[in-house]
Amino acid sequence: MSKVRTRFAPSPTGFMHVGNLRTALYEYLVAKSMNGAFVLRIEDTDRERLVDGAVDVIYNTMKVAGLIHDEGPDVGGEYGPYVQSERKDMYLPYAEKLIKEGKAYRCFCTKERLEEVQNSTVGGGYDRHCRDLDQKEIDRLLEAGTPYVIRQKMPITGTTKFVDAVFGEITVDNSELQDQILIKADGYPTYNFANVIDDHTMGITHVVRGSEYLSSTPKYNLLYEAFGWDIPTYIHLPLINGKNDDGTVSKLSKRHGSTGFEDLISEGYLPEAIINYIALLGWCPKDNREIFTLDELCKVFDISGISKSPSVFDYDKLDWFNAEYIRNMSVEEFATIATPYFKEALKDKEIDYVKLASILQQRTVKLTDIPDMIDFFNELPQYDKELFVNKKSKTNLENAPIMLKAVYDKLSALSEYNHDSIHDALIGLATQLEVKNGTVMWPARIAVAGKQVTPGGAIEILEILGKEESLRRMEIGLDKLSN
Ligand code: GLU
């Protein structure tokens, strides 16, 4: 068997959404799981739809996602060029070859005529007016410089069948197929024609793409047949839906949430978590395992695990993956990726980021959750003294000042101020005063954090804030409680 070669062939028409990314990922996994090559080809034939900067978004997304291509516009390769606009002179000779063999023809119909035909035929198709022009007429029109397109002669009767690796056998009636345009009046190929010529000349063995291309595949196949080329293995991927508020699902779109890779990253999701989750949108391993690195996916991925039923992009599930990835990092790694968010909330405040990371790691779902969780380290928020009242900890406005003052005195007396010494001081105090640990901890935590919900308990927060700042905040608390 020839070496497996797949290609990701995006059209640079905008941002990289989850569907594109999944296609790229599956192309990559199909190749890598079979020791094949993964090619990047930029399909910019449709000049009107191009968007500035879209190619950079593609490069950047693939890089951040870890989908490294073996061949492509930036890295080269023996099948280049890898950008369709740089291949534009390659296509016409292929179409002319089909004309010579009687499998394609020049169509000289004017736009006006085509419009008229379209309006008068059922289904709005072309009536094949130029399919059987006699040679004399063709020569005359050519000599007169009449503009023309090149169309493929599609079979008029019978059916075209093909097998998709995911959707199985598909049959269409040839009568439904138009004599498709291969070369436009300006001499450039149509998108469908360029796509087939490129896949063949680049030695692509497996074509992975969204199921919206399923209905065009018979047309592609009739081209392969016309040339006598081997048809690649087709792997059409199921739709990706999003959950609507009313419980129904519909095609994933912006109203469901962010759908662009870069948007998801800026929302605080990790590339590894996104990739892991997306791998499971339409593919399932044999053992229902969920957490996979990209390398692990390369080993276990197989085409037979791809499902044809639509999958649902579930933001809660993505949250779960993200939290898992965060939890499974070392605390130092987490501190590194969290640093921009720490800086956002803490500005230049000198705080031990690794200690901060250690109290946040288990509680962080998205990196963007971080600033709100830690802003109190930067500045003690305004708070109401009622926060000192807590049933479970058995604190009220009478005992809170007593407990807080006792904590204050104990901590001021500490010569060594660290996690263990703070811990021993507070626990010792609770024992000494014969109260629950919480009765001591609660007022201390409220005084230093100024809020009820904090990452980490009193001890961790006291440690991270340092002695001086902790005492200063407790003085403010005592003041509040004495009024
Ligand atoms: N350029 C097409 C797109 O971006 C890809 C089609 C294909 O993979 O064959 O949707």
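As the structure is a computational prediction, the values presented were derived from the model and not from experiment.

(A) Representation of the overall build of the protein chain within the structure. Looking only at helices and strands, the protein chain features 19 helices and 12 strands. Dimensions of the protein chain, computed from the C-alpha atoms along their principal axes, are close to 110 × 45 × 40 Å. For the protein chain, the proportion of its 483 residues judged to be buried stands at 49%. Summed over its atoms, the accessible surface of the protein chain is roughly 23,400 Å², and 50% of this surface lies on carbon and sulfur atoms. Counting 56 positive and 74 negative side-chain charges, the protein chain places the centres of these two groups 2 Å from one another.

(B) Just the nonpolar core, in detail. Judged by nonpolar contacts, the single largest core of 107 residues is most densely connected at Phe-313, Leu-356 and Phe-377. Among all residues touching Phe-377, those that are not within four sequence positions of it are Leu-346, Lys-349, Ile-351, Leu-356, Ile-359, Ile-461, Ile-464, Leu-465 and Arg-473. With 26 residues, the next largest nonpolar core counts Val-39, Ile-204, Tyr-220 and Tyr-234 among its residues.

(C) Layout of the sheet that holds strand β4 (residues 149–152). The three strands are arranged β3-β4-β7 in an open sheet whose pairing can be described as antiparallel. Each of the sheet's edge strands pairs with one partner strand only, and the pair in question is β3 (104–107) and β7 (181–183). Adjacent strand axes in the sheet meet at a mean angle of 40 degrees, parallel and antiparallel pairs treated alike. Where β3 lies against β4, four bridges are found, and the strand directions are antiparallel. The residue bridging Ala-104 from the neighbouring strand is Gln-152, located in β4. Taken strand by strand, helix α3 (residues 91–100) contacts β3, β4 and β7, and its axis lies near 105 degrees from that of β3.

(D) Region of the structure containing the packing of α3 against helix α6 (residues 191–201). Where α3 meets α6, the closest approach of the two axes is 10 Å, and the angle between their N-to-C directions is 100 degrees. Here α3 is positioned roughly perpendicular relative to α6, judged by the angle of their axes. In this structure, α3 uses Tyr-91, Tyr-94 and Ala-95 to contact α6, whose residues at the interface are Phe-193, Ala-194, Ile-197, Asp-198 and Thr-201. When its residues are assigned to classes, the contact of α3 with α6 shows six nonpolar, one polar and one charged.

(E) Summary view of the environment of Tyr-188. Position of Tyr-188 among the secondary structure elements: in the loop between β7 and α6. By relative accessible area, which is 33% here, Tyr-188 ends up partly exposed. Setting aside its immediate chain neighbours within four residues, Tyr-188 contacts Lys-88, Leu-182 and Ile-183.

(F) View of the pairing of strand β6 (residues 168–173). Note: strand β5 (residues 159–164) against β6, six bridges, orientation antiparallel. Residue pairing in the sheet places Lys-161 in a bridge with Thr-171 of β6. The turn linking β5 back onto β6 is made up of three residues.

(G) Looking closely at the packing of helix α16 (residues 419–433) against helix α17 (residues 437–449). Between α16 and α17, the shortest axis-to-axis distance is 8 Å and the interhelical angle comes to 130 degrees. What the angle tells us is that α16 and α17 run oblique. The two elements α16 and α17 cross, and the hand of that crossing is right-handed. Only Asn-437, Val-440 and Met-441 of α17 make contact with α16, whose side of the interface consists of Leu-426, Ile-427, Leu-429 and Ala-430. Of the residues that constitute the contact of α16 with α17, the class distribution is six nonpolar, one polar and no charged.

(H) Structural view of unusual backbone geometry. Geometrically, the link from Gly-80 to Pro-81 is a cis peptide bond, its omega value of -5 degrees lying close to zero. Topologically, Pro-81 is positioned in the loop between α2 (54–65) and α3. Phi at Arg-128 is positive, roughly 60 degrees, even though this residue is not glycine. Turning to its location among the elements, Arg-128 is positioned in the loop between α4 (111–120) and α5 (135–143). Notably, Asn-288 is not glycine yet its phi reads approximately 60 degrees, a positive angle. As for its placement among the helices and strands, Asn-288 is situated in the loop between α9 (271–279) and α10 (294–300).

Criteria and cut-off values
- Residues numbered from 1 in each chain as written.
- Predicted model: local features only at pLDDT ≥ 70, side-chain atom pairs only at ≥ 80, totals over all residues.
- Heavy atoms only, no water.
- Helix = DSSP H or I, 4+ residues; strand = E, 2+ residues; numbered from the N terminus.
- Buried < 20%, exposed > 50% of the residue type's maximum accessible area, 1.4 Å probe, protein only.
- Areas by Shrake-Rupley, 256 points an atom, 1.4 Å probe, with all protein chains shown as cover.
- Lys, Arg positive; Asp, Glu negative; His and termini not counted.
- Charge placed at Lys NZ, Arg CZ, Asp CG, Glu CD.
- Core = buried A, V, L, I, M, F, W, Y, C linked by side-chain atoms within 4.5 Å.
- Contact = heavy atoms within 4.5 Å.
- Pairing = 2+ DSSP bridges.
- Axes fitted to C-alpha atoms, helices over the stretch in contact; angles between N-to-C directions.
- Parallel < 35°, antiparallel > 145°, perpendicular 65-115°, else oblique.
- Nonpolar A, V, L, I, M, F, W, Y, C, P; charged D, E, K, R; others polar.
- Left-handed = near helix turned anticlockwise from the far one by under 90°.

Take it as geometry only, folks, not as evidence of what the structure does.
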